[in-house]
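An overview of the molecular structure
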Amino acid sequence: MNAAVVLFPGSNREGDVASAIKRISGKTANIVWHADSELPSGTDLVVLPGGFSYGDYLRCGAIAARAPIMNAVRAHAERGGLVLGICNGFQILCEAQLLPGVLQRNAKLRFMCKEVYLRVERSDTPYTRRYNAGDVLKIPVAHGEGNYTADKETIERLEGDGRVLFRYVSPEGKTDAAWNYNGATNAIAGILSEKLNVLGLMPHPENHVDPAIGPTDGRGLFESIKSVLEAA
Amino acid sequence: MNIANTVKITPALVAEHGLKPDEYERILKLIGREPSITELGIFSAMWNEHCSYKSSKVHLKTLPVAGKIVIQGPGENAGVIDIGDGLACIFKMESHNHPSFIEPYQGATTGVGGILRDVFTMGARPIACLNALRFGSPDHPRTRHLVSGVVAGIAGYGNSFGVPTVAGSVGFHSRYDGNILVNAMAVGIAETDKIFYAKATGVGLPVVYLGSKTGRDGIHGATMASAEFGEGAEEKRPTVQVGDPFAEKLLLEACLEIMAKGCVVAIQDMGAAGLTCSAVEMGAKGDLGITLDLEKVPVREEAMSAYEMMLSESQERMLMVLKPGKEAEAEAIFTKWGLDFAIVGYTTDTLRFLIRHNGEEMADLPIKELGDQAPEYNRPFTESKKLPVIDAASVPAPKSLADALEKLIASPDLCSKRWVWEQYDHLILNNTVQRPGGDAAVVRVQDGPKALALCTDVTPRYCEADPFEGGKQAVAECWRNLTAVGATPLAITDNLNFGNPERPEIMGQFVGCIRGIKEACLALNFPVVSGNVSLYNETQGRGILPTPTIGGVGLLADFNNSASIAFKASGEAVLVLGDTRGWLGQSAYLATVLGREEGAPPPVDLAAEKCAGDLVRDLIAKGRVTAVHDCSDGGLLVAIAEMAMAGNIGATLELSPGGIPPHAFWFGEDQARYVVTAPALALPEIEAAAKAAGVAALRLGLTGGEELTLPGERPISVAQLKKRHESWLPDYMAGGN
């Protein structure tokens, strides 16, 4: 697993995700500066971390999506390489049109930091092969603009193609408006690209990998990536 | 002397600058001529209450500030303590009360930004933020707006900057209707041999301006914060600064990088009174003069005058003295982060603060008298009258203890503050071992197992009733909360919020609280290493409740051995350690259930406090207790209810002992007490240890079931209790209640 974590001005969870990668793969991720134009050679996973790139000015992720490094990230994705965007990273992927749709302000118009329940919708992807479809994970969210939506056709296509990977659910695994805190369309928490190699999600699996700090339901995501890359 | 006096200095202009006639006389004597308008502005900025501590200094000097672990006490940007293994904890708390009342979002935001800057200016990477908030009565028409704006502002800054906000307190009282309190605390970690100070050394070294550009925002902010509010406080909005957490995050990274490269001699953030205060402090502390050439200052507005530049409180700026020859290296780092970098002056051996603008001298003042030799007052004070002790037997009992409990845990002060702390990112950095909602937050240091315990405390209604006991209690409760998670309390920062010090009765509250803080700090070996004083918290002549907020830091050798408040299992014994006498004066029961704020507050026996705390810490370290909770507001029954709600486990309680009315036993607020749980097997050892320590240990009942049951009372469903506890604040903010 040769991960490159992109550092934009205003990123702030790059350390959290790098330490999760280290904890699970044993390997130190490269931190790549936004103004660089190339990824380190041999990179097999690109991570766009959480934070407030460019202060969320203009629109969340809009300025970062046009940073020099993003051409290299796009090329990596087009080659089928894995790209993981978490929180602000998801917003950047949408702004860069590597994923469809947008992330609006939370329905209650407030920032929200809390543990939520996510249902894994399928296990045959590079990000979820260590989970079972239907598993319910306890993972924290920390965002003000995580309310995913897209036009009707896009949502239908995402659903029809099985590209909704994580959904906000009740602890029992049922979709329920009361447990869809940010008001996302179809309770969507994370989606995949057509080739299933690009994942954007609002929750923070990297914050739930260490038993000292809380639940460890986020480990499976990094373990899945590791197993895919090691098999390659 | 060739300073042109373009503006006539009239008594009215002097008064507008917040300077009293005798202070102006002092200026005339000091410089031997009439000051220029720029000079008047500089004096106003340096000699106001906020920057000079002129009313408080004489009393602050009495506080214990030394100790084995103290590396830097008060007087620097923040306090520094040694936490072992070559690491230091750097922390401070500061108020942003006046700006937050005028413009809650930006006021709170810049409060958080300012305190973070104080901490990373010293070379520390911030690891946690805390706060203490006091709002007016929930019925006051502005309260919702202020709560909403302040909480969003704290969240907006801390979340974006990328530091977890891990603990705090929120309270309501009509005495804050016209003057809310926003106290923000930041905590950082640095290596003990890589700490940076404001004191400049060396003559002819470059003085460098870093960070965001200077604009016309916040001019006279510190002067505004040093006056009481009259009518039309809202019109002061232009004196409130605007925060940019993105710029601050870049400033943090750039400053830490520049420090790591060994470029820095001295550094001072531009907070209150901006460029003036930072330059004067660096020079005065180092016994050096400073010369500034203002045309070199990066500005974002055209045609700014020297007066405006010297008094601007634009945010996210720093002043540094660089090592010679390091200019290019430092500039490259700042350019990389997209921040301004400009050499704006140099140090001199003249002890003068010389300001030039396009070659013209605008100010030439003695730097020591501006800074560390500013005026000091020993203002007259009258001691607060002692209130009578209320006999518990004379206080009416509730019809039902269960009803009274439900009322208390759903009251504005004691209800869950989840609505607040869920807006704060409390998980970022992956080190938050104990999250908000307990006695103290526990934050892992680096990869552990070392961890810090952090909390903020004060009980303003105790301080109002008896400043001395209230001051003691604030320190003691902070010490107790750190102890309750298993930490060894190390040191505090104090944020002293009071009314107008020119009124002897307010000064009496201040002096009384300081005496109490001093006595408690000495008894508990708990030095004050940093702090902030906020006076003139008054609106139309009505002062706030005296509110000396105490922010505490404790150390855990191993976070795996920390204790939490939640009941862990059924069938465990519930005990109270410490003496219960049923003190109802100034209790939450009296205030919330009976609507009476009366009587003397509970006295704090510091020797008993020490014995009980040392015992509890030892029991936690030995793993003898399974849950621990400080017993404070609302007394035993509220503490037990909080433990039950946190663990989703009920308890069956026994009859209260004879000699104390049951409502006084369950709701009394005697100090120096902890509620703990333990398996039956551990009880003999716990009781023996308590006896040896001279601490009372009383069995109260057993955990288990889904209800709290008291003899002769209807059972109280824990789920129902939790619902009421959790719903008051969200319902209120949604416009209900």
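Residues numbered from 1 in each chain as written. Chains lettered and ligands numbered in written order. Predicted model: local features only at pLDDT ≥ 70, side-chain atom pairs only at ≥ 80, totals over all residues.

1. Focus: the overall build of chain B
Here is the rule we go by: Working definition: helices are DSSP H or I runs of at least four residues, strands are E runs of at least two. Numbering for both runs from the N terminus. The globule rule used for comparison is 2.2 Å times the number of residues to the exponent 0.38, while the radius of gyration itself is calculated over C-alpha atoms. Here the contact rule is simple: place C-beta atoms from the backbone, and any two residues whose C-beta atoms are within 7 Å are in contact.
Counting secondary structure elements, chain B contains 25 helices and 28 strands. Taking 27 Å as the expected radius of gyration for a compact globule of 737 residues, we find that chain B reaches 26 Å, a close match to that expectation. Principal-axis analysis of the C-alpha atoms places the extent of chain B at approximately 85 × 50 × 45 Å. A separation of at least 24 residues holds for 85% of the contacts in chain B among residues at least 6 apart in sequence.

2. Focus on the overall build of chain A
Here is the rule: Residues with at least 20 other C-beta atoms within 10 Å of their own are called buried, those with 12 or fewer are called exposed, and the rest are partly exposed. The C-beta atoms themselves are positioned from the backbone.
A count of helical and extended segments in chain A gives five helices and eleven strands. Here the C-alpha atoms of chain A give a radius of gyration of 16 Å, agreeing with the 17 Å that 2.2 N^0.38 yields for 232 residues. Seen through its C-alpha atoms, chain A measures out along the principal axes to roughly 45 × 40 × 35 Å. In chain A, buried positions account for 55% of the 232 residues.

3. Let's talk about the sheet that holds strand E6 (residues 112-120) of chain A
All names here are of chain A. The cut-off we apply is this: Any two strands are treated as partners once DSSP identifies two or more bridges connecting them. To get an axis, fit a line to the C-alpha atoms, keeping to the stretch in contact for a helix; angles then go from 0 to 180 degrees between the N-to-C directions.
Across the sheet, nine strands lie side by side as E2-E1-E3-E4-E11-E10-E9-E6-E7; this open sheet has mixed pairing. Of all the strands in the sheet, the pair left with one neighbour each is strand E2 (30-33) and strand E7 (136-143). The sheet shows a mean angle of 25° between the axes of neighbouring strands, taken without regard to direction.

4. Notes on the sheet that holds strand E28 (residues 716-717) of chain B
All names here are of chain B. Taken in spatial order, the seven strands of this open sheet run E23-E25-E22-E26-E24-E27-E28, and their pairing is mixed. What marks the edges here is a single partner per strand, and that holds for strand E23 (627-630) and E28. When E23 meets strand E25 (residues 674-678), the two strands line up antiparallel, connected through four bridges. When the bridges of E25 are listed, His 629 appears paired with Val 675.

5. Structural notes on the interface of chain B and chain A
What counts is decided by this rule: The residue classification treats Ala, Val, Leu, Ile, Met, Phe, Trp, Tyr, Cys and Pro as nonpolar and Asp, Glu, Lys and Arg as charged. All others, Gly included, are polar.
Taken together, the contact pairs 25 residues of chain B with 22 residues of chain A. Counting only elements with at least two residues in the side of chain B that touches chain A, the list comes to helix H8 (143-161), helix H10 (245-260) and strand E14 (432-434) of chain B. The element best represented in the side of chain B that touches chain A is H10(B), accounting for four residues. Class assignment of the residues belonging to the side of chain B that touches chain A gives a composition of eleven nonpolar, nine polar and five charged.

6. Things to note about the environment of Asp633(B)
Residues and elements named next belong to chain B. Residue position: Asp 633 is located in the loop between E23 and helix H22 (635-647). Classification of Asp 633 by C-beta neighbours within 10 Å gives buried; the count is 23. When the C-alpha positions of Asp 633 and Gly 650 are compared, they lie 20 Å apart, and in sequence the two are 17 residues distant. Apart from residues no more than four positions distant in its own chain, Asp 633 is found in contact with Asp 413, Leu 414, Thr 459, Ala 588, Val 638 and Glu 669.

7. Side note on the pairing of E2(A)
Pairing of strand E1 (residues 3-7) of chain A with E2(A), which is carried by four bridges, proceeds in the parallel orientation. For Ala4(A), the partnering residue across the bridge sits in E2(A) and is Asn30(A).

8. Here's the deal with helix H1 (residues 14-25) of chain A
Residues and elements named next belong to chain A. Selection criterion: What a helix is expected to span follows from its residue count: subtract one and scale by 1.5 Å.
Helix length check: H1 (twelve residues) gives 16 Å between terminal C-alpha atoms against 16 Å at 1.5 Å per residue, within 8%. For H1, the full list of buried residues reads Glu 14, Asp 16, Val 17, Ala 18, Ala 20, Ile 21 and Ile 24. Summarising the contacts, the buried residues of H1 are in contact with E1, E2, strand E3 (45-48), strand E4 (82-86) and helix H5 (219-231). Where H1 terminates, the next one or two residues include Gly 26, which has phi positive at roughly 80°.

9. Let's talk about helix H13 (residues 327-336) of chain B
All names here are of chain B. Our working definition: What the arc covers is the set of directions going from the helix axis to the C-beta atoms.
What H13 keeps buried is the set Ala 330, Ile 333 and Phe 334. Axial view of H13: buried residues confined to an arc of 95°, hence all on one face. Those residues of H13 that are exposed and aimed more than 90 degrees away from the buried face are Ala 328, Ala 332 and Thr 335. At its buried positions, H13 is contacted by strand E7 (206-211), H10, strand E10 (317-322) and strand E11 (340-348). Gly 338 sits one or two residues past H13 and shows a positive phi near 75°.

10. What to know about the packing of helix H21 (residues 606-621) of chain B against helix H24 (residues 683-693) of chain B
All names here are of chain B. This is how it is decided: Roughly parallel means an angle under 35 degrees; roughly antiparallel means over 145; roughly perpendicular covers 65 to 115; every other angle is labelled oblique. By convention the crossing between two helices is left-handed if the near helix lies anticlockwise of the far one by an angle smaller than a right angle, and right-handed if it lies clockwise.
For the pair H21 and H24, interaxial distance at closest approach is 10 Å and the crossing angle is 150°. Compared by their axis directions, H21 and H24 come out roughly antiparallel. As H21 packs across H24, the resulting crossing turns out to be right-handed. Residues Cys 611, Asp 614, Leu 615 and Leu 619 of H21 touch H24, and the partners they reach there are Ile 686, Ala 689, Ala 690 and Ala 693. When grouped by side-chain class, the residues that make up the contact of H21 with H24 number seven nonpolar, no polar and one charged.

11. Side note on the pairing of E3(A)
Residues and elements named next belong to chain A. Going by this rule: The handedness of a crossover follows from its direction of travel: if, with the strands pointing away from the viewer, the path from the first strand over the helix to the second runs clockwise, the crossover is right-handed.
Neither face of E3 is exposed, since Leu 45 and Val 47 on one face and Val 46 and Leu 48 on the opposite face are all buried. Across three bridges, the pairing between E1 and E3 is parallel. Counterpart to Val 5 in the pairing with E3 is Val 47. Once you follow E3 into helix H2 (residues 69-78) and on to E4, the crossover reads as right-handed.

12. Section: unusual backbone geometry
Residue and element names in this part refer to chain B. Cis geometry is found at the peptide bond from Gly 448 to Pro 449, where omega equals 0°. Here Pro 449 shows up in the loop between strand E15 (441-444) and strand E16 (451-457). Positive phi, close to 50°, is recorded for Gln 540, a residue that is not glycine. Relative to the helices and strands, Gln 540 is located in the loop between strand E19 (538-539) and strand E20 (542-543). Backbone geometry at Ala 672 places phi at a positive 60°, although glycine is not the residue there.

13. Observations concerning the nonpolar core
Residues and elements named next belong to chain B. Put simply, the rule reads: In plain words, the nonpolar core is the set of buried Ala, Val, Leu, Ile, Met, Phe, Trp, Tyr and Cys residues that C-beta atoms within 7 Å link up.
Residues Met 46, Ala 440, Leu 454, Val 475 and Ile 640 are the most contacted members of the largest nonpolar core, which totals 330 residues. Per-element accounting of this core gives the leading share, ten residues, to helix H19 (residues 504-524). Apart from the residues lying within four places of it in its own chain, the contact partners of Leu 454 are Ala 128, Leu 130, Val 166, Ala 167, Val 187, Ala 440, Ala 441, Val 443 and Val 553.

14. Section: the environment of Ser160(B)
On the secondary structure map, Ser160(B) appears in helix H8. In this structure, the C-alpha to C-alpha distance between Ser160(B) and Ile492(B), residues 332 residues apart in sequence, is 27 Å. Contact partners of Ser160(B), with chain neighbours within four places excluded, come to Phe52(A), Gly55(A), Pro245(B), Phe246(B) and Lys249(B).

15. Details of the confidence of the model for chain B
The test is simple: Every residue is assigned a pLDDT by the predictor, reflecting its confidence on a scale from 0 to 100.
With 97% of its residues at a pLDDT of 70 or more, chain B has an overall mean of 94. Predicted complex, confidence summary: ipTM 0.96, pTM 0.95.

16. A few points about the environment of Ala520(B)
Residues and elements named next belong to chain B. On the secondary structure map, Ala 520 appears in helix H19. Given 26 C-beta atoms within 10 Å, Ala 520 falls into the buried group. Sequence separation of Ala 520 and Leu 606 is 86 residues, and the distance between their C-alpha atoms is 6.6 Å. If we skip the residues at most four places from it in the chain, Ala 520 touches Lys 472, Val 475, Ala 476, Val 604 and Leu 606.

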